[in-house]
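# An overview of the molecular structure
Here's the letter readout for the chains.
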Amino acid sequence: MPNPAGAARPPARRGAAHDSAFLRACRNEPVPHTPVWFMRQAGRSLPEYLKVREGIPMLDSCMRPELVKEITLQPVRRHKVDAAIFFSDIVVPLKAVGIDVDIKPGVGPVIADPIRTRADLQRLRPLEPSDVPYITEAVGLLVDELGSTPLIGFAGAPYTLASYLVEGGPSKNHERTKAMMYGEPELWAELVDRLAVITAGFLKVQIEAGVSAVQLFDSWVGSLAPDDYRRFVMPASTRVFDAVAEYGVPRIHFGVGTGELLSLMGQVGADVVGVDWRVPLHEAARRVGPGKALQGNLDPAVLFAPTKVVETRAREVLHSASALGTSGHVFNLGHGVLPSMDPDALSRLVAFVHEASAR
Ligand code: CP3
């Protein structure tokens, strides 16, 4: 549904969340308290999630709008987080354009026929809204139900998606991916360009359906040196952010181990830059530069320590963020919720951040 004129007009129902603390922080506006949500809050550590997912393969569950709605709402109900993140996965758009991909429990995405040659690229056609009607439907159901709580849409960034497609599954060293990137730069450029088109298409479907913000996950890009990031990744990631700029919804960008890349990641077009736990927020702000909100960055492993320690560490994150001045701060973990985390510890953390940051 290419509809540029209508696209700039936000769906009326998205308006209900406009003045939420989360969206205000993304726009660098004053907030009554620091908003908080958790990457990977939907699923995994919640017993109610395991119960509704029983017997349903991960990718099948992403295609059932009523189930997606329920799973997305579970952490909002339980933890009282300031935003919901849409329940789906970064490989859903790849499957939707015809890639044979499965998510193996405890392993991650596995690709039956990896992408390694020029001929393989033909399999990566652009994503059309009609490929993912279940996404449009699920977002619509959720936005109606969530009211003033914002819904965050998301997608995988070209580098991270490419790493799964080229390796054929999760990988520690990304050796085949990097071999293509360094050894066949033209093939690589075409690969990440095609992925940028698919990713932009997937984000547009979610925005058209009513999400209030989007996050681009480049989870594994921290494995690159800044010069290689600049040369081999920035053009494609910039293309994704440019493609959704006209909608005016906040765009968040996140990766793990990206301390050395933060200033470049701030230049690809994001409004909010996610920071892992390795760089304190005041230092991240210096690297990212003025005008961007930051999201992060409590070490997820801190949640396994006693409550007092969690609170001390969370207070340190808030304190570091107080140096951001007029730039916004969205509290989050430095990476996703771990499956073995105690859900009650997460609920306590949300209440603590709200209380400690109230102004
Ligand atoms: O954040 C949320 O709660 C929303 C849902 C969400 C999922 N995946 C659901 C999911 C989001 C935002 C993602 C993004 C995602 N998927 C990323 C980027 C985020 C990050 O952690 O860096 C990546 C790299 C993937 C690929 C992927 N999918 C992995 C590595 C795994 C874990 C495999 C495992 O079991 O350890 C998945 C599966 C997956 N995606 C699960 C969930 C809830 C677990 C599947 C299950 O419950 O059976």
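Scroll up for the structure.
Here's what I pulled together on the structure shown here. One numbering rule holds for all chains: residues counted from 1, following each sequence as written. For this predicted model, a pLDDT threshold of at least 70 governs which residues receive local features, and a threshold of 80 or more governs which side-chain atom pairs are given and counted, while totals over whole chains, interfaces and linings are taken from all residues. To obtain the side-chain values, all non-hydrogen atoms of the structure were included, while hydrogens and water were left out.

### A closer look at the overall build of the protein chain
- For the protein chain, the count of helices and strands is 17 helices and 9 strands.
- Within the span of the protein chain, comprising 359 residues, buried residues form 58% of the whole.
- The criterion used for residue contact is that any of the two residues' heavy atoms lie within 4.5 Å. Within the protein chain, contacts between residues separated by at least 24 positions form 73% of all contacts whose residues are at least 6 apart in sequence.
- What sets the accessible areas is the Shrake-Rupley method with a 1.4 Å probe; for residues, cover comes only from the shown protein chains. On the protein chain, roughly 14,500 Å² of surface is accessible, and the fraction owed to carbon and sulfur atoms is 53%.
- Residues counted as positive are Lys and Arg, residues counted as negative are Asp and Glu, and His and the chain ends are not counted. The atoms used to mark charge sites are NZ of Lys, CZ of Arg, CG of Asp and CD of Glu. Measuring between centres, the 38 positive side-chain charges of the protein chain sit 2 Å from its 40 negative side-chain charges. Helix and strand definitions here come from DSSP, where helices need a minimum of 4 consecutive H or I residues and strands a minimum of 2 consecutive E residues; each element is numbered from the N-terminal end. Buried means the residue's accessible area, taken with a 1.4 Å probe over protein chains only, is under 20% of the maximum for its type, while exposed means over 50%, and partly exposed covers the values in between.

### Here we look at the nonpolar core
- Working definition of a nonpolar core: buried Ala, Val, Leu, Ile, Met, Phe, Trp, Tyr and Cys residues. They are joined through side-chain atoms within 4.5 Å. By size, the foremost hydrophobic cluster in this structure holds 131 residues, and its most contacted members are F22, L124, L191 and L349.
- For this core, the leading source of residues is helix 11 (residues 185–209), giving 12 residues.
- The residues touching F22, leaving out its near neighbours within four places in the chain, are P35, W37, D82, A83, P150, I152, A213, I252, Q295 and V330.

### Some words on the pairing of strand 3 (residues 108–111)
- One bridge is not enough; two strands pair if DSSP finds at least two bridges between them. Sheet topology note: the strand 2 (residues 101–104)/strand 3 ladder contains 4 bridges and is antiparallel. Counterpart to V101 in the pairing with strand 3 is I111.

### A closer look at the pattern of salt bridges
- The term salt bridge refers to a pairing of a side-chain nitrogen on Lys or Arg with a carboxyl oxygen on Asp or Glu at a separation within 4 Å. Scanning the entire structure with this criterion turns up 19 salt bridges.
- We note a salt bridge from K104 to D102, for which the minimum N-O separation is 3.7 Å.
- Residue classification places K104 among the partly exposed residues on the basis of a relative accessible area of 39%.
- With relative accessibility at 36%, the residue D102 sits in the partly exposed group.
- For E283, the salt bridge is made with R286, and the minimal N-O distance between the two is 2.8 Å. Of this pair, E283 and R286 are both found in helix 15 (residues 281–288), 3 residues apart, which corresponds to roughly one turn of the helix.

### Brief notes about the site of the ligand
- Taken together, the neighbourhood of the ligand is formed by 26 residues, with R40, A42, Y49, S219 and H335 sitting nearest.
- Pairs of N or O atoms within 3.5 Å make up the polar contacts considered here, provided that, within protein, one atom can donate a hydrogen while the other can accept it, and that residues adjacent in sequence are counted only when both atoms are side-chain atoms. Between the ligand and D89 there is a distance of 2.8 Å, counted from a nitrogen atom to a side-chain nitrogen or oxygen.
- H335 places a polar side-chain atom, nitrogen or oxygen, 2.7 Å from an oxygen atom of the ligand.
- For the ligand, whose free accessible area comes to 870 Å², the fraction covered by protein is 89%.
- The set of elements that each furnish at least two residues to the shell around the ligand consists of helix 3 (47–53) and strand 3. Residues are counted as near a molecule or strand when any one of their heavy atoms sits within 4 Å of it.

### Looking at the packing of helix 16 (residues 307–322) against helix 17 (residues 343–357)
- Interaxial distance between helix 16 and helix 17 falls to 10 Å at its minimum, and their mutual angle equals 45 degrees. Viewed along their axes, helix 16 and helix 17 adopt a mutual orientation that is oblique. In the packing of helix 16 onto helix 17, the handedness of the crossing is right-handed. Judged by residue contacts, T307, V310, E311, A314, R315 and L318 of helix 16 engage R348, L349, F352, V353, A356 and S357 from helix 17. Here an angle of 0 to 180 degrees is reported between the N-to-C directions of two axes, which are lines fitted to C-alpha atoms, with helices fitted over the stretch in contact. These descriptions rest on fixed angle ranges, namely under 35 degrees for roughly parallel, over 145 for roughly antiparallel, 65 to 115 for roughly perpendicular, and the rest for oblique. Handedness of a crossing is defined here by the sense of rotation of the near helix relative to the far one, left-handed for an anticlockwise turn of less than a right angle and right-handed for a clockwise turn.

### Some thoughts on the packing of aromatic side chains
- Any Phe, Tyr or Trp ring, taking Trp's six-membered ring, that has another such ring centre within 6.5 Å forms a pair; planes under 30 degrees apart are called stacked, those over 60 apart edge-to-face, and the others tilted. Following the criterion strictly, the structure yields 5 aromatic pairs and no others.
- Centre to centre, the rings of F154 and F217 are 5.6 Å apart; their planes meet at 90 degrees, and the pair counts as edge-to-face. Here F154 is found in strand 4 (residues 151–156), whereas its partner F217 is found in strand 5 (residues 213–217), with 63 residues between them in sequence.
- The buried category is assigned to F154, whose relative accessible area is 6%.
- Its relative accessible area of 11% is what places F217 among the buried residues.
- Here a set of aromatic residues connected by ring pairs shows up, and it is made of F154, F217 and F254.

### Some remarks on the side chain of S357
- Looking at the secondary structure, you find S357 in helix 17.
- S357 sits in the buried class, given a relative accessible area of 6%.
- A distance of 2.6 Å separates a polar side-chain atom of S357 from the backbone oxygen of V353.

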